[in-house]
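Each chain is listed here by its residues.
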Amino acid sequence: MGEPGIGGPGTGGHRRAPLGDGTRAVRAGLPEPVKNEPPLPGPVFAAHFHLPGEVEGPYTYGRDTNPTWTLLERAVAELEAPGDESAETVVFASGMAAVSAVLFSQARAGDTVVLPDDGYQVLPMVRAQLEAYGVRVRTAPTAGEAQLGVLDGARLLWIETPSNPGLDVCDVRRLAEAAHAGGALVAVDNTLATPLGQRPLELGADFSVASGTKGLTGHGDLLLGHVTCRDPRLAAGIRHWRKIVGAVPGPMEAWLAHRSLATLQLRTHRQWDNALAVAEALSHRPDVRGLRYPGLPDDPSHQRAARQMWGYGSVVSFTLADRAHAERFLSALDLVEDATSFGGVRSTAERRGRWGGDAVPEGFIRFSAGIEDTEDLIADVLRALDLAGSQD
Ligand SMILES: *Cc1c(COP(=O)(O)O)cnc(C)c1O
């Protein structure tokens, strides 16, 4: 990666905009300063608000609106679509609440929805539920824009790029153009990239959807999700869905998330640098196969990623000889926790096959780079690989 603030899509470096990522992240969603008030007001715990007389004003009942959500929603909208006043974010209790809000509020019986067949492991369950409601579902792989081939007559295209955990990348602009030409809406799952790594709305998507549980909040201590879109009617539909389903985040989670955004640029840039360093170190190892990181210049995803991403994310994937070898590697690590999820400040890794959902080899490892010092992290990974290999 380049120096912070230099480059952007096309160069593969970090972005330069009127305000840098770090500045935007640290100020995102802050209210106008009020004398004697805190810069980021604390969480508002309220199931209901004083409401004498007519039902009016922004805050009436805690399932509809909450001032702590409002500030977080403004912050995330500023990050997903810098400088675009029309962008609106709706926050949810989890990433899946946000994913389901888009799919289930948009798709009607008889509609066709296109999903990736290599996306997040809960999507097959979502598919079964959509089909139970009479929605037709088609799938295709992320790589090579294969979804183009199954778009005909679709109502909604769901894209996940980079895909999790395979790290394939598709050209969002190209897919969005084709989908729109056929009258379909386009949603991109932006969880892996975070809004500092990729801005789907600028690439033509109608919805940018993400789990805030991962890199966006980054501390592995809360669940959250969001949907960002520009069309006020689409946003109103998403808000309506949240109201009727009640998938609302707690004020404490929303506030913690907003607080965490201040360090988003520091965290993601260190994670991206660490992920690239880990990938480079792994690329020299004969015991590592199937190495994938979109930031590696010779990765199959690199060209597409460089055209549409500002950073390549914290996740590296690779395969060790077999299940036992992978388990020895994971237990030999000192600085990397064996845990699922990704995008946290502490590096994590797991043998993805233990879940059974993804089509991956038994020795497949999904590695998420944290914010440790790069030399320490690399040394730990290489030492654990040596130890795992010496017991063959
Ligand atoms: C984790 C994840 C989700 C779901 O998010 P939760 O916060 O766990 O509900 C959705 N999409 C992707 C790509 C994810 O990694």
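Residues numbered from 1 in each chain as written. Predicted model: local features only at pLDDT ≥ 70, side-chain atom pairs only at ≥ 80, totals over all residues. Heavy atoms only, no water.

### Description of the packing of helix 11 (residues 323-332) against helix 12 (residues 374-390)
For any two helices packed against each other, the geometry comes down to the angle between their axes and how far apart the axes lie. Remark: helix 11 packs on helix 12, axes separated minimally by 8 Å, with the N-to-C direction vectors making an angle of 135 degrees. Of the possible angle classes, the one that applies to helix 11 and helix 12 is oblique. The interaxial crossing formed by helix 11 with helix 12 has right-handed handedness. Between helix 11 and helix 12, the residues in contact are H325, R328, F329 and A332 and V381, R383, A384, L385, L387, A388 and G389, respectively. Grouping the constituent residues of the contact of helix 11 with helix 12 by class yields 7 nonpolar, 2 polar and 2 charged. (Axes fitted to C-alpha atoms, helices over the stretch in contact; angles between N-to-C directions. Helix = DSSP H or I, 4+ residues; strand = E, 2+ residues; numbered from the N terminus. Parallel < 35°, antiparallel > 145°, perpendicular 65-115°, else oblique. Left-handed = near helix turned anticlockwise from the far one by under 90°. Contact = heavy atoms within 4.5 Å. Nonpolar A, V, L, I, M, F, W, Y, C, P; charged D, E, K, R; others polar.)

### Thoughts on the domain arrangement of the protein
Split by domain assignment, the protein resolves into domain 1 (21-261) and domain 2 (265-390). Domain 1 and domain 2 are separated by 27 Å when their C-alpha centres are compared. Both sides of the domain 1 and domain 2 interface together cover about 2700 Å² of buried area, and 52% of this is carbon and sulfur. Broken down residue by residue, the surface that domain 1 buries against domain 2 is led by Q121, P165 and L167, which jointly contribute 23%. Our count for the contact surface shared by domain 1 and domain 2 stands at 2 salt bridges. Note that E145 is salt-bridged to R304, the shortest N-O span being 2.6 Å. (Domains from an automatic or database assignment. Buried area = accessible area lost by both parts, 1.4 Å probe. Salt bridge = Lys/Arg side-chain N within 4 Å of Asp/Glu carboxyl O.)

### Some points on the layout of surface pockets
Put simply, the largest pocket is a space of about 310 Å³. In this structure, the largest pocket is lined by 22 residues; those nearest its centre are D117, D118, G119, D358 and A359. If you list the elements that add at least two residues to the lining of the largest pocket, you get strand 2 (112-116) and helix 4 (123-132). Among the elements that line the lining of the largest pocket, the one with the most residues is helix 4, at 3 residues. Domain assignment of the residues forming the lining of the largest pocket places at least three in each of domain 1 (21-261) and domain 2 (265-390). (1 Å grid on protein atoms, 1.4 Å probe; cavity = no way out; pocket = protein on both sides within 12 Å on 5 of 7 lines; lining within 4 Å. Points joined across faces, edges and corners; volume = space filled by probe spheres on them.)

### Here's the deal with the pattern of salt bridges
Applying the stated criterion to the full structure yields 27 salt bridges. E131 is the salt-bridge partner of R127, the closest N and O atoms lying 3.0 Å from each other. Within this pair, R127 and its partner E131 are both found in helix 4, separated by 4 residues, close to a single helical turn. Given the relative accessible area of 27%, R127 is considered partly exposed. Three or more residues are tied together by salt bridges with common partners; here these are D338, E350, R352, R354 and R366. (Buried < 20%, exposed > 50% of the residue type's maximum accessible area, 1.4 Å probe, protein only.)

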